[in-house]
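# Coordinate inspection notes
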Amino acid sequence: MAAFVSGISVGLRNASIVSRNVSRKSSSSANTVSMKVSESMPFMNAPAALDGSMVGDVGFDPLGFSRAFDIKWLREAELKHCRISMLAVLGFLAQEIF
């Protein structure tokens, strides 16, 4: 597994995919489509909704949730789940102590 990961990192470093934009030309037209490469996963294209406007946004959306849902709704849902998880841990610890 380590050899596979190091092989990928060497290949990506040699291809210098991390910091450049990928341009594709459509075969049916002369228009060029520019796709930004994700900072978190350099072998994938960055989702259009994740443009770096939010804190911590590095283009990580491997399942494509940002295409199906509003990004602001996803952020609020994540915050809600984090807060509920913190309360659950507090409840667990309180039961163990008392």
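Residues numbered from 1 in each chain as written. Predicted model: local features only at pLDDT ≥ 70, side-chain atom pairs only at ≥ 80, totals over all residues. Heavy atoms only, no water.

## Some points on the layout of surface pockets
Looking at the largest pocket, its volume works out to about 600 Å³. Leu50, Phe60, Ile71, Leu74 and Glu78 are the residues nearest the centre of the largest pocket, which is lined by 20 residues in total. For the lining of the largest pocket, the elements supplying multiple residues, two or more each, are helix 2 (65-68) and helix 3 (71-97). Broken down by element, the lining of the largest pocket gets its largest block of residues, four residues, from helix 3. (1 Å grid on protein atoms, 1.4 Å probe; cavity = no way out; pocket = protein on both sides within 12 Å on 5 of 7 lines; lining within 4 Å. Points joined across faces, edges and corners; volume = space filled by probe spheres on them. Helix = DSSP H or I, 4+ residues; strand = E, 2+ residues; numbered from the N terminus.)

## A look at the side chain of Ser66
As for its position among the elements, Ser66 is in helix 2. Within the local environment of Ser66, its side chain forms a polar contact with the side chain of Asp61, the two groups lying 2.6 Å apart. Apart from residues lying up to four places away in sequence, Ser66 is in contact with Pro47, Ala49, Leu50, Asp61, Ile71 and Leu74. (Polar contact = N/O pair within 3.5 Å; in protein donor to acceptor, adjacent residues only side chain to side chain. Contact = heavy atoms within 4.5 Å.)

## Side note on a nonpolar patch on the surface
On the surface, a nonpolar cluster with roughly 610 Å² of combined accessible area is contributed by Val89, Phe92, Leu93, Ile97 and Phe98. On the secondary structure map, Phe98 appears in the segment after helix 3. (Patch = residues over 30% accessible without salt bridge, like charges linked within 9 Å, V, L, I, M, F, W, Y side chains within 5 Å. Areas by Shrake-Rupley, 256 points an atom, 1.4 Å probe, with all protein chains shown as cover. Salt bridge = Lys/Arg side-chain N within 4 Å of Asp/Glu carboxyl O.)

## Considerations on the side chain of Asp57
Along the chain, the position of Asp57 falls in the loop between strand 2 (32-36) and helix 2. Buried and without a salt bridge, Asp57 has Lys36 as its closest oppositely charged side chain, separated by 7.8 Å. Here Gly52 takes part through its backbone nitrogen, which lies 2.7 Å from a polar atom of the side chain of Asp57. A polar side-chain atom of Asp57 sits 3.1 Å from the main-chain amide nitrogen of Gly59. If we ignore the near neighbours within four places in the chain, the residues touching Asp57 are Leu50, Asp51 and Gly52. (Buried < 20%, exposed > 50% of the residue type's maximum accessible area, 1.4 Å probe, protein only. Lys, Arg positive; Asp, Glu negative; His and termini not counted.)

## Regarding the environment of Ala46
Looking at where Ala46 falls in the secondary structure, it is placed in the loop between strand 2 and helix 2. Spatially, the C-alpha atom of Ala46 lies 8.0 Å from that of Asp61, the residues being 15 residues apart in sequence. Not counting residues within four places of it along the chain, the set of residues in contact with Ala46 comprises Lys36, Val37 and Ser38.

## Concerning the environment of Met44
As for its position among the elements, Met44 is in the loop between strand 2 and helix 2. Sequence separation between Met44 and Phe60 is 16 residues; the distance between their C-alpha atoms is 9.3 Å. The contact partners of Met44, leaving out residues within four places of it in the chain, are Val37, Ser38 and Pro62.

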